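# Structural overview for review
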Amino acid sequence: MNEDSSESALNNVVRIDDERIKEHLGNIVRSSVEETLNGLLDAEADRLCNAGRYERSQGRRDFRSGSYSRKLQTQAGEVTLKVPKLRHQAFETAIIERYRRRETSVEEALVEMYLAGVSVRRVEDITEALWGTRVSPSTVSRLNQKIYEQIEAWRNRPIEGSHPYLYLDGIVLKRSWAGEVRNVSLLVAISVNGEGYREILGIVEGAKEDKAGWSGFLKHLKDRGLKGVELIVSDACTGLVESAAEFFPQTRWQRCVVHWYRNIFSHVPAAKMREVALMLKAIHASESRPTAQKKALEVIARLREMRLARAAEIAEQGVEETLAYYAFPEEHWRRIRTNNPLERIMREIRRRTRVVGAFPDGKSALSLAAARLRHIAGTRWSTKRYMNIDLLRRQTLELQTA
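In this report, we go over the structure that sits alongside the text.

Thresholds, definitions, all that
- Residues numbered from 1 in each chain as written.
- Predicted model: local features only at pLDDT ≥ 70, side-chain atom pairs only at ≥ 80, totals over all residues.
- Heavy atoms only, no water.
- Phe/Tyr/Trp six-rings, centres within 6.5 Å; stacked < 30°, edge-to-face > 60°.
- Buried < 20%, exposed > 50% of the residue type's maximum accessible area, 1.4 Å probe, protein only.
- Lys NZ or Arg CZ within 6 Å of the ring centre and 35° of its normal.
- Axes fitted to C-alpha atoms, helices over the stretch in contact; angles between N-to-C directions.
- Helix = DSSP H or I, 4+ residues; strand = E, 2+ residues; numbered from the N terminus.
- Parallel < 35°, antiparallel > 145°, perpendicular 65-115°, else oblique.
- Left-handed = near helix turned anticlockwise from the far one by under 90°.
- Contact = heavy atoms within 4.5 Å.
- Nonpolar A, V, L, I, M, F, W, Y, C, P; charged D, E, K, R; others polar.
- Core = buried A, V, L, I, M, F, W, Y, C linked by side-chain atoms within 4.5 Å.
- Salt bridge = Lys/Arg side-chain N within 4 Å of Asp/Glu carboxyl O.

It is worth spelling out the packing of aromatic side chains at this point. Considering all chains together, one arrives at seven aromatic pairs under this definition. Each ring, one from Y325 and one from W333, has its centre 6.0 Å from the other, and the planes form 75°; the classification is edge-to-face. Accessibility assignment for this pair places Y325 and W333 in one class, buried. On the basis of an interplanar angle of 70° and a centroid distance of 4.8 Å, the ring pair of Y326 and W333 is categorised as edge-to-face. Across the pair, W333 and Y326 agree in class, each one buried. Connected via pairs of aromatic rings, a cluster forms that spans W260, Y261 and F265. The ring of F248 has K222 sitting right over it, with the charged end atom 5.2 Å from the ring centre.

Turning our eyes to something else, we now look at the packing of helix 10 (residues 289–305) against helix 11 (residues 309–318). The N-to-C vectors of helix 10 and helix 11 enclose an angle of 165°; their axes lie 8 Å apart at closest approach. The pairing of helix 10 with helix 11 is recorded here as roughly antiparallel in orientation. Judged by the twist between their axes, the crossing of helix 10 over helix 11 is left-handed. Taking contact as the criterion, the partners of I300, L303 and R304 in helix 10 are, on helix 11, A311, A312, A315 and E316. Of the residues belonging to the contact of helix 10 with helix 11, the class tally is five nonpolar, no polar and two charged.

Topologically, H259 is positioned in helix 8 (residues 257–265). Residue H259 is classed as buried on the basis of its relative accessible area, which comes to 17%. The residues contacting H259, other than those within four sequence positions of it, are D235 and E343.

Counting residues in each nonpolar core, the largest one holds 55 residues, and the members touching the most others are I264 and I283. Those residues in contact with I283 that sit more than four places away from it in its chain are W260, A292, K295, A296, V299, V319, L323 and Y326. Formed by 20 residues, the second largest nonpolar core is a distinct cluster that contains V204, L218, V229 and F248.

A complete count under the given rule lists 13 salt bridges for this structure. Among the ionic pairs, R289 bridges to E320, the shortest N-O distance being 2.9 Å. Of this pair, R289 sits in helix 10 while E320 sits in the loop between helix 11 and helix 12 (333–336), placing them 31 residues apart in sequence. A residue is classified by how much of its surface remains accessible, and E320, at 38% relative accessible area, is partly exposed. With a closest N to O distance of 3.3 Å, R302 and E305 form a salt bridge. Of this pair, R302 and E305 both sit in helix 10, three residues apart, which is roughly one turn of that helix. The class of R302 is partly exposed, set by a relative accessible area of 34%. A relative accessible area of 59% places E305 in the exposed class. Overlapping salt bridges, with partners in common, bring together D42, D46 and R64 in one network.

Running from N to C, helix 8 and helix 11 point in directions that differ by 155°, and their axes come no closer than 8 Å. One finds that helix 8 runs roughly antiparallel with respect to helix 11. Across from W260, N263 and I264 in helix 8, the residues of helix 11 making contact are A311, I314, A315 and G318. Of the residues belonging to the contact of helix 8 with helix 11, the class tally is five nonpolar, two polar and no charged.

By themselves, these observations are geometric and do not establish any function.
Shown next, in the form of C-alpha cells:
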C-alpha cells in the first residue's frame, strides 16, 4: 500500500459526524435535565406528604394519587415532566412556578414583538436565536388570539371625563375580496382630555370615509360616553364635517392647516412653491384672528397677482375654516391647528400593517390596527402631557372679560 492510500484509509477511520455527535449529546443533556426535574418533583411531593412513596408513617400528611404529564421547553430542549397529584391538597412547587414565569415571559415577549411591528417570520428567527426553539406562525397566531378579546373590550370600553380636543382621521388598508385586492377604511379618533393627556378613544371599520361611516363612528363614541368636546380637528372630508356638525352641533371645527396647504400646493408650480408656502405660513403666525384674516386677504390678492387663480380660490374658500384655533388658549395653538398628533399614530399603524400586505378580511385589519393602537396607548402616548386645559381656559376667559 502506498503512502497516499494509507493516508486516505486513516482519514476514513477517524472521520467524525459532528451532527450525530451533537444530536447524541443533546439527547443525553435533555434526558439528564428531564430526570433531574422529575426527581425534584418527586422530592417535593415527599416533602408535602411528609413521607416517601409507599412509606408507612404516623407523620404522613397526604397520599399520592398518580401523576400527569406536562411538556416543558428548557434550554436543553423539550422535556416531559411527570407532575405528582396528591389526594388532599394541590401540588405546588417552586420548580413549576419558576418555569411557568419563564413561559409567561416568553409569551409576553412574543406578543410585544408582534404588536411592536415585527413580522411573524422575523419573530420565528428571534425566538430561535434567544431560546433555541423556533416558534411556528400558528403558535404566534394562537398567542395573539388571547389578546384580541382584550382588544375588543378595550375598543368598547366606557369613555370617562371630558375631552375638549378631538382629532379624527381615516386610514385605507388593502384586503382580499373574491380573488381581488380592495380597500378597507379604518376610522380613528384620539383626544386630549381635561387633564392634558392624549388618549386614544377608538377605531372602527368603515366601508369608506363617507357620511354614513363617520356618523356610525361618532355615534359609537357618544354611546360610550364621549362628552365635553369643544374642538374637532380633521381634514375637510365632506362626510366627516357633516357628521361632526350633526353629533356635536355646539363644537367648533378646525380644518387641518397642513391639509389645507397641500390642497393649495396642488395648483402651484414647483418654481413658486417656496414663496407660496412662506405666504401661507405667515397667516397662521399671526398673533390674533383679526390679524390672520387681514393677512389672508393680502395673500389671496398676491396669489391672483401671481396668476394662480385656482390656488387663490381655494385659499379664499377655506381660510376661515383654518382659524378656529384662535378661540382657545394661545399655548395650545401650535398643537390644535393641525392633525399632526393623529398623523404620527397613523404612521405607526401603516408601519405595522405594511408587513402584512393584503388582509384576508376587514376584521383582521381592524384587529391588528387596534392591537397596535392599544400597544401605543399603553406606552408612549399616555405619558405625553399637554398642560392643564381647564386652568388655561379659565385664564383665557378672564383675560377676554377684563
